[in-house]
Amino acid sequence: MKKNNSIGIIAVCGLFATILILPTLIVVPFTNSDGTGEEVQETNQTEQVSTAEDSPFAVRVFRSTTEQIEEVPLENYVARVVASEMPVNFEMEALKAQALAARTYITRHMIEGEKVSPEADVTDTVNHQVYKDEEQLRSQWKEDYNENMKKINQAVEATKGEIITYKQEPIDAAFFSTSNGYTENAGDYWEKDIPYLQSVESPWDQKSPKFADQKILTVAELEQTLGVNIDSNIQQTSMTKTEGNRVDEVHFGDQTFSGREIREKVGLPSSDFSIKQKGDHVIFTTKGYGHGVGMSQYGANGMAKSGKNYKEIIHHYYQNTEIAPVSTQTASLTIEKE
């Protein structure tokens, strides 16, 4: 997921005015408990976790493969994002935390984010949130689809209508896969400080399969990628670190790059990296996977395994925030606008 623009009170479209008069979200399970063939057939027709009448709004998703627009009720959208963004074998409390982050992200985007087009609100890619439809998820999970979606649906239902707020506004609910042991200050990665996105410890990530990695380039490849000349041993290159122990700046001779620039240009999984030269090759050793800002998914799963519930997970990674009903927060924004 990419970062949203900073929170600001801007014009709220007519779509959200309806939220003030709609009831609390109602979530309907995808499948019934007995899992019979007759029930599966019925589920195919009523797979959505909420109907358009039950949801405060629908999300218009631009499908990147078909270039079609799919209109999806909020809670159904959240369920499919959770199914797409987090491993289904994660703990239930981690899935609940992911549901809350996904719902918060889209709520804020619908209020103040830029639309993809006049017909679409978001894409189905990491530019917003990854979204797979039923056909894609069935293809991915095959015979496990009904069981997996039942688990995802339970997580969504348990948090229905809830979003994360800071000063009564939906937060920028950034999340990523795996930390290096700490999350990153938003200001150290995005160059804009956000009070609830500050560095916190996340020791559970060390058990993630994505915690450590290496990438090897030739010196010539690195010089071409960065547009620099490496005349001496690259290990003499100086660098500074952020509070989250990621690279802040790297100095190659008289040229300076941010850790984020190196990560993006070289294609590293994280901006926590060390550099070592071996002959005419350069070895980047990394810790973590993702930008490092907000909630670590593997950290959330580790917290859940240690007995923490989803609210404790949310309050750990999003400091000084509250959990509130989506309709209440939208009403508050509308009143402030008026």
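Keep in mind it's a predicted model, so treat the numbers as computed, not measured.

Comments concerning the overall build of the protein
So, step 1. Each helix and strand counted, the protein has twelve helices and 14 strands in total.
So, step 2. Relative to its full complement of 338 residues, the protein shows a buried share of 51%.
So, step 3. A sequence separation of at least 24 residues applies to 70% of the contacts in the protein between residues at least 6 apart.
So, step 4. Accessible surface, the protein as shown: approximately 15,600 Å² in total, 45% of it carbon and sulfur.

Considering unusual backbone geometry
So, step 1. With phi around 60°, Glu191 is a residue other than glycine that occupies positive phi space.
So, step 2. In this structure, Glu191 sits in the loop between helix H7 (186-189) and strand S7 (212-218).
So, step 3. Classification of Glu191 by relative accessible area gives exposed; the value is 72%.
So, step 4. A positive phi is found at Asn320, a non-glycine position, where the angle reads about 60°.
So, step 5. Its location among the elements puts Asn320 in the loop between helix H11 (310-317) and strand S14 (322-325).
So, step 6. Overall, Asn320 belongs to the exposed group, its relative accessible area being 65%.

Considerations on the confidence of the model for the protein
So, step 1. In the predicted model, the protein carries a mean pLDDT of 84, and 79% of its residues have values of at least 70.
So, step 2. Considering only residues more than four positions removed or in separate chains, one finds that residues 2-46, a stretch of pLDDT under 50, has 95 contacts.

Points about the pairing of strand S9 (residues 247-252)
So, step 1. Examined bridge by bridge, strand S8 (residues 238-241) and S9 share four bridges and lie antiparallel to one another. The residue bridging Met239 from the neighbouring strand is Val250, located in S9.
So, step 2. Hairpin geometry of S8 and S9 is characterised by an intervening segment of five residues between the two adjacent antiparallel strands and by a positive phi of about 65° at Asn245.
So, step 3. As paired strands, S9 and strand S10 (residues 255-258) are joined by four bridges and run antiparallel to one another.

Digging into the pattern of salt bridges
So, step 1. Using the criterion set out here, one finds twelve salt bridges in the structure.
So, step 2. For Arg60, the salt bridge goes to Asp121, with nearest N and O atoms at 3.1 Å. Note that Arg60 is positioned in strand S1 (residues 58-62) and Asp121 in the loop between helix H4 (92-112) and strand S3 (122-123), a separation of 61 residues in sequence.
So, step 3. Here Arg260 ties to Glu264 by a salt bridge, and the two come within 2.9 Å at their closest N and O atoms.

A word on the packing of aromatic side chains
So, step 1. Inspection of the entire model under this criterion finds six aromatic pairs.
So, step 2. Where Tyr189 meets Trp190, the ring centres are 6.4 Å apart and the plane angle is 70°; that geometry is what we call edge-to-face. The pair formed by Tyr189 and Trp190 is uniform in burial state, with each residue classed as buried.
So, step 3. The lysine or arginine in question, Lys210, covers the ring of Tyr289, its NZ or CZ lying 4.6 Å from the ring centre.

With respect to helix H9 (residues 259-266)
So, step 1. Inspection of H9 places Gly259, Ile262, Arg263 and Val266 among the buried residues, and these make up the whole buried set. Across the axial projection of H9, the buried residues extend over an arc of 100°, all falling on one side.
So, step 2. Looking one or two places after H9, you find Gly267, whose phi comes out positive at around 80°.

Brief notes about the sheet that holds strand S2 (residues 69-73)
So, step 1. Strand order in the open sheet formed by three strands is S2-S1-S3, with mixed pairing between adjacent strands. Here the strands that pair on one side only, and so sit at the sheet edges, are S2 and S3.
So, step 2. Sheet analysis places S1 next to S3, joined by two bridges and oriented parallel. Each residue of the ladder has a partner; that of Phe62, found in S3, is Thr123.
So, step 3. Across the sheet, helix H3 (residues 74-85) touches S1, S2 and S3, and the angle it forms with S2 is around 105°.

A closer look at the side chain of His109
So, step 1. Position of His109 among the secondary structure elements: in helix H4.
So, step 2. At a separation of 3.4 Å, a polar atom in the side chain of His109 contacts the main-chain carbonyl oxygen of Glu114.

Some points on the environment of Glu162
So, step 1. Examined against the element boundaries, Glu162 turns out to sit in strand S4 (residues 162-166).
So, step 2. Here Glu162 falls in the buried class, since its relative accessible area comes to 17%.
So, step 3. Measuring from C-alpha to C-alpha, the distance between Glu162 and Thr104 comes to 7.8 Å, with 58 residues separating the pair along the chain.
So, step 4. Leave out the neighbours within four places in its chain, and Glu162 touches Leu100, Arg103, Tyr310, Ile323 and Ala324.

Observations regarding the environment of Asn148
So, step 1. Within the secondary structure, Asn148 sits in helix H6 (residues 145-158).
So, step 2. According to the relative accessible area criterion, Asn148 is buried, its value standing at 12%.
So, step 3. Separated by 65 residues in sequence, Asn148 and Ala83 have C-alpha atoms that sit 8.4 Å apart.
So, step 4. When neighbours within four sequence positions are excluded, Asn148 is seen to be in contact with Val88 and Trp141.

Thresholds applied
- Residues numbered from 1 in each chain as written.
- Predicted model: local features only at pLDDT ≥ 70, side-chain atom pairs only at ≥ 80, totals over all residues.
- Heavy atoms only, no water.
- Helix = DSSP H or I, 4+ residues; strand = E, 2+ residues; numbered from the N terminus.
- Buried < 20%, exposed > 50% of the residue type's maximum accessible area, 1.4 Å probe, protein only.
- Contact = heavy atoms within 4.5 Å.
- Areas by Shrake-Rupley, 256 points an atom, 1.4 Å probe, with all protein chains shown as cover.
- pLDDT = per-residue confidence, 0-100.
- Pairing = 2+ DSSP bridges.
- Salt bridge = Lys/Arg side-chain N within 4 Å of Asp/Glu carboxyl O.
- Phe/Tyr/Trp six-rings, centres within 6.5 Å; stacked < 30°, edge-to-face > 60°.
- Lys NZ or Arg CZ within 6 Å of the ring centre and 35° of its normal.
- Arc of directions from axis to C-beta.
- Axes fitted to C-alpha atoms, helices over the stretch in contact; angles between N-to-C directions.
- Polar contact = N/O pair within 3.5 Å; in protein donor to acceptor, adjacent residues only side chain to side chain.

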